[in-house]
Amino acid sequence: MEHVASKRGKQTVRDMFLSMMVITAAAGVIYVFVPHDEKADPVKAVDFRVELATARRAAPYPVAAPGDLGKGWKSTSVSYEGAAGNNWHLGFLDPDKKYVAVEQSTSPARKYVAQVTRNAKNTGRTEDVAGRTWQHWEGPKYDALVLHEKGSTTVVTGSAPKARLVEMAAALQTTP
């Protein structure tokens with residue numbers, strides 16, 4: 001009786017091993033024959049116009065979005081949350097595939113800016129962009145340009161260099 005139980009245990013392990021070999025071979029064949037484009041851009045562009053129109057109707061401040069940025073910019077994310085701080089978010093990849101975001105909110109500025117810039121700090125320097133004075137913030141992950149207006153804060157932030165942040169800030173419009 002012990003001999004049969006011992007043999008059955010070995011057969012189960014051997015059978016499991018053989019089954020795994022068959023499954024692995026089948027998965028390999030499927031992978032080889034399923035077409036996949038290695039050069040395709042995995043980041044899909046999003047159209048933010050509908051969300052922008054909705055946010056502009058709902059927000060208690062003039063919602064900013066870029067007009068014409070030129071070729072190479074790709075909008076990648078958009079959201080508006082009216083319940084907590086009237087937060088507007090619009091994310092982009094610049095022509096060099098670096099991240100740039102436009103963030104606006106009525107939340108307390110100090111906490112909000114630290115949150116959306118991933119703990120950037122005010123450098124004390126300013127940047128004049130399109131007739132407005134923006135504060136320049138630098139951080140370990142994102143740098144930012146910050147504009148304090150009556151009732152809201154606008155932040156242009158991301159991993160892109162300062163010149164791209166300035167380009168985005170200059171392109172911002174609050175009217176359709």
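See the structure shown above.
Residues numbered from 1 in each chain as written. Predicted model: local features only at pLDDT ≥ 70, side-chain atom pairs only at ≥ 80, totals over all residues. Heavy atoms only, no water.

Peer 1: Quick question: what am I supposed to make of the sheet that holds strand β7 (residues 143-149) here?
Peer 2: A sheet is described by the order of its strands in space; here seven strands give the open sequence β2-β3-β4-β8-β7-β6-β5, paired in antiparallel fashion. Single-partner strands in this sheet number two, and they are β2 (74-81) and β5 (121-129). Recorded for the sheet is a direction-independent mean angle of 20° between the axes of neighbouring strands. Helix-sheet contacts for helix α3 (residues 109-116) involve β3 (87-93), β4 (99-105), β6 (132-138), β7 and β8 (152-158), and the interaxial angle to β8 is about 20°. (Pairing = 2+ DSSP bridges. Helix = DSSP H or I, 4+ residues; strand = E, 2+ residues; numbered from the N terminus. Axes fitted to C-alpha atoms, helices over the stretch in contact; angles between N-to-C directions. Contact = heavy atoms within 4.5 Å.)

Peer 1: Would you explain the side chain of Thr153 in this entry?
Peer 2: Relative to the assigned elements, Thr153 resides in strand β8. The buried category is assigned to Thr153, whose relative accessible area is 4%. (Buried < 20%, exposed > 50% of the residue type's maximum accessible area, 1.4 Å probe, protein only.)

Peer 1: What's the story with the pattern of salt bridges in this structure? I'm lost.
Peer 2: Oppositely charged side chains are able to pair whenever their charged atoms sit close together. Within this structure, the stated rule accounts for eight salt bridges. Where Arg14 meets Asp15, a salt bridge forms, and the shortest distance between an N and an O atom there is 3.8 Å. Assessed through its relative accessible area of 39%, Asp15 is described here as partly exposed. Glu149 is the partner of Arg132 in a salt bridge, and the nearest nitrogen-oxygen pair spans 3.3 Å. Of this pair, Arg132 sits in strand β6 while Glu149 is found in strand β7, placing the two residues 17 residues apart along the sequence. A residue is classified by how much of its surface remains accessible, and Glu149, at 30% relative accessible area, is partly exposed. Connected through shared salt-bridge partners, Asp94, Asp96, Arg164 and Glu167 make up one network. (Salt bridge = Lys/Arg side-chain N within 4 Å of Asp/Glu carboxyl O.)

Peer 1: How do you make sense of the pairing of β6 when you look at a structure like this?
Peer 2: Here six bridges tie β5 to β6, and the two strands are oriented antiparallel to one another. Its bridge partner being in β6, Glu127 is matched across the sheet by Trp134. In sequence, β5 turns back onto β6 through a hairpin of two residues, with Ala130 there showing a positive phi of about 50°. When β6 meets β7, the two strands line up antiparallel, connected through three bridges. Across the sheet, residue Trp137 finds its bridge partner in β7, namely Ala144.

Peer 1: Any chance you could explain α3 here in plain terms?
Peer 2: Think of an α-helix as 3.6 residues a turn; residues three or four steps apart then line up on the same face. All of the buried residues along α3 are Tyr112, Val113 and Val116. Down the axis of α3, the buried side of the element spans an arc of 95°, and every buried residue falls inside it. Within α3, the exposed residues directed more than 90 degrees away from the buried face are Arg110, Lys111 and Gln115. Each element contacted by the buried residues of α3 is listed here: β3, β4, β6, β7 and β8. Count one or two residues on from α3 and you reach Arg118, which has phi positive near 60°. (Arc of directions from axis to C-beta.)

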